[in-house]
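Notes for the structure review
Each chain, written out:
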Amino acid sequence: MRSPSLVFEIGVAVFLALGACSQDRAEIAAKHGKGTPVHPRAAARVLTLDPTVAKESGLKTAHLRRESWRGTLELTGEIAADPDRSADLSSPVAGRIEAVHFVEGSEVKKGQSLVVLRVPDLGRVRGAYAATQAKARAARLNQQRQEVLVSKQLTLEQSYLDAKAEAEALDADAASLREQILALGVHSGGARPFLLELRAPCSGSVVFRDAVVGQPVPTQQVLARIVALDQVLFSARVFEKDLAHLKVDMPVEVFLHAFEGRAFPGRLEYIGQQVDVLAHTLTGRIRLANPEGLLRIGLFGRARVFVDVDSGDKESLIVPRGALMQVGGRSVVFVKRAANRYEVREVRIGRQRSEEVEILDGLQINVEVVVEGAFTLKSLLLRSEIEEE
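Residues numbered from 1 in each chain as written. Predicted model: local features only at pLDDT ≥ 70, side-chain atom pairs only at ≥ 80, totals over all residues. Heavy atoms only, no water.

1. Details of the layout of surface pockets
- Approximately 740 Å³ is the volume found for the largest pocket.
- Lining the largest pocket are 24 residues; nearest its centre among them are Glu 67, Val 319, Pro 320, Glu 355 and Glu 356.
- Looking at the lining of the largest pocket, its residues break down into 10 nonpolar, 4 polar and 10 charged. (1 Å grid on protein atoms, 1.4 Å probe; cavity = no way out; pocket = protein on both sides within 12 Å on 5 of 7 lines; lining within 4 Å. Points joined across faces, edges and corners; volume = space filled by probe spheres on them. Nonpolar A, V, L, I, M, F, W, Y, C, P; charged D, E, K, R; others polar.)

Below, the structure is given as structure tokens:
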């Protein structure tokens, strides 16, 4: 028993073969230009689609226009954070977490308090700083007294010099202890000398958190990662064979699996200088604006790099690949003539790439063609031809 799809294809082939005899091919070639002429009956066929079916099938149309056909390369990769616009939050000293003021996903500002640590060593450093400051003040007073006595010749000048040296040494010790405290992120004495506030090193979104109250924290443990996501990078893998075609600042469109059909424009910002010895690829860095916050770290996709932009090629009619259907071994598109009425138009195609096809013959500029849902019309065409048999 023959399958329905085989019957459809046989019916369409018969239909096209009969139509080939109904009009001279030379006349068709004169009408549509040089090259292989389009099929006369396919060009004249008009389909009427039920409004309900048209709505459910999600038909979408677009007006054709001429565009420059630019060569492209496609590179796979994923979204990554800009290392110059991200930072890790960690503690310079060991301690225990007293409070956490953020959650994963929070938007934070530079300098905002995120974690409070209890650090016993901090109290000792603060105590030593206060004691050294007091000794330094006393030494300065003694220096001033010795200076007065020397001026009145009531003491030796060496006593004054010893007092001055002691005061300067204590000032240096106090300054050193103060720098240690500032290095810990403490900017004031406060009423809680053992507590240390860890503040956001940059503005952005918290994409990672490893901090809970009571948790012991060793030095350099990453408690949070903050990334500014208004701009991100697409890290593309560049094969050695494609390297000669790429230049910095080339225009790029990035397509992500999470947002099929949507192009995110950018430019090739950097091409790596070192080849991965295992994958034999280099890294291509593409900067993308992210005003809607859709681009998340790790999203996978591909980048279409436009090469030979200034090649001087004439403009071409270009349709999305989804607009092109194969019927009986011929390429056809569906041209909208009126509401729910579509003409079957055979075309001759030229260059192709992953999502677009160049039309050499069979269509004119500004015609409105079906770019999504064309398979519904193809099914209707095949069914009508079988019924006519």
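2. Observations regarding the environment of Lys 336
- Note that Lys 336 resides in strand β20 (residues 330–338).
- With residues up to four places along the chain from it excluded, the contact list for Lys 336 reads Thr 61, Arg 341, Tyr 342 and Glu 368. (Helix = DSSP H or I, 4+ residues; strand = E, 2+ residues; numbered from the N terminus. Contact = heavy atoms within 4.5 Å.)

3. What to know about the sheet that holds strand β17 (residues 300–307)
- In spatial order, the strands read β4-β13-β16-β15-β14-β17; together these 6 strands close into a barrel with antiparallel pairing. Taken over all neighbouring pairs, the strand axes of this sheet differ in orientation by 40° on average, direction set aside.
- Here strand β14 (residues 251–256) pairs with strand β15 (residues 263–271) via 5 bridges, running antiparallel. Paired with Val 252 across the bridge in β15 is Gly 266. (Pairing = 2+ DSSP bridges. Axes fitted to C-alpha atoms, helices over the stretch in contact; angles between N-to-C directions.)

4. Things to note about the packing of aromatic side chains
- Using the criterion set out here, one finds 1 aromatic pair in the structure.
- The interplanar angle of 70° and the centroid separation of 6.0 Å between the aromatic rings of Phe 259 and Phe 264 together place this pair among those described as edge-to-face.
- Overall, Phe 264 belongs to the buried group, its relative accessible area being 7%.
- Lying across the ring of Phe 102, Arg 209 places its NZ or CZ 5.4 Å from the centre.
- Lying across the ring of Phe 208, Arg 225 places its NZ or CZ 5.5 Å from the centre. (Phe/Tyr/Trp six-rings, centres within 6.5 Å; stacked < 30°, edge-to-face > 60°. Buried < 20%, exposed > 50% of the residue type's maximum accessible area, 1.4 Å probe, protein only. Lys NZ or Arg CZ within 6 Å of the ring centre and 35° of its normal.)

5. Some remarks on the sheet that holds strand β5 (residues 86–90)
- Spatial strand order, β5-β12-β10-β7: 4 strands in an open sheet with antiparallel pairing. Two strands in the sheet have a free side with no partner beyond their single neighbour: β5 and β7 (107–108).
- As judged from the 5 bridges shared by β5 and strand β12 (residues 222–227), these two strands associate in the antiparallel manner. Bridging across to β12, Ala 87 finds its partner in Ile 226.

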